[in-house]
Amino acid sequence: MRYGPYALRDFLTDANVNSEIVNALNILIRVYEEEKDSTNYDFIEMFSIINLPSSKEKELIRARLNPFIRK
């Protein structure tokens, strides 16, 4: 935590995590920097800006992804 989000991103990349997780972290960093106009990161505050999807949004996403999911 003391190293900042870029170090976390690099760690995740080196650990070969799913690229979507790294992309989501990049978006989160960018949004946080735009909103706070700062590179003085507060991880708790950074992750608190995430707006989770509503149940209706989740249904729409599932419906859109269902044709691509292997059964």
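Residues numbered from 1 in each chain as written. Predicted model: local features only at pLDDT ≥ 70, side-chain atom pairs only at ≥ 80, totals over all residues. Heavy atoms only, no water.

Caption draft 1: Summary view of the nonpolar core. Leu-12, Val-22, Leu-25, Leu-28, Ile-29, Tyr-32, Tyr-41 and Met-46 form the largest nonpolar core, which has 8 residues in total. A total of 5 residues in this core trace back to one element, the largest contributor, which is helix 2 (residues 19-36). Setting aside residues up to four positions removed in sequence, Val-22 forms contacts with Arg-9, Leu-12, Thr-13 and Val-17. (Core = buried A, V, L, I, M, F, W, Y, C linked by side-chain atoms within 4.5 Å. Buried < 20%, exposed > 50% of the residue type's maximum accessible area, 1.4 Å probe, protein only. Helix = DSSP H or I, 4+ residues; strand = E, 2+ residues; numbered from the N terminus. Contact = heavy atoms within 4.5 Å.)

Caption draft 2: Spatial organisation of unusual backbone geometry. The phi angle at Asn-16 is positive, at roughly 60 degrees, despite the residue not being glycine. Mapped onto the elements, Asn-16 comes out in the loop between helix 1 (5-14) and helix 2. Here Asn-16 falls in the exposed class, since its relative accessible area comes to 68%.

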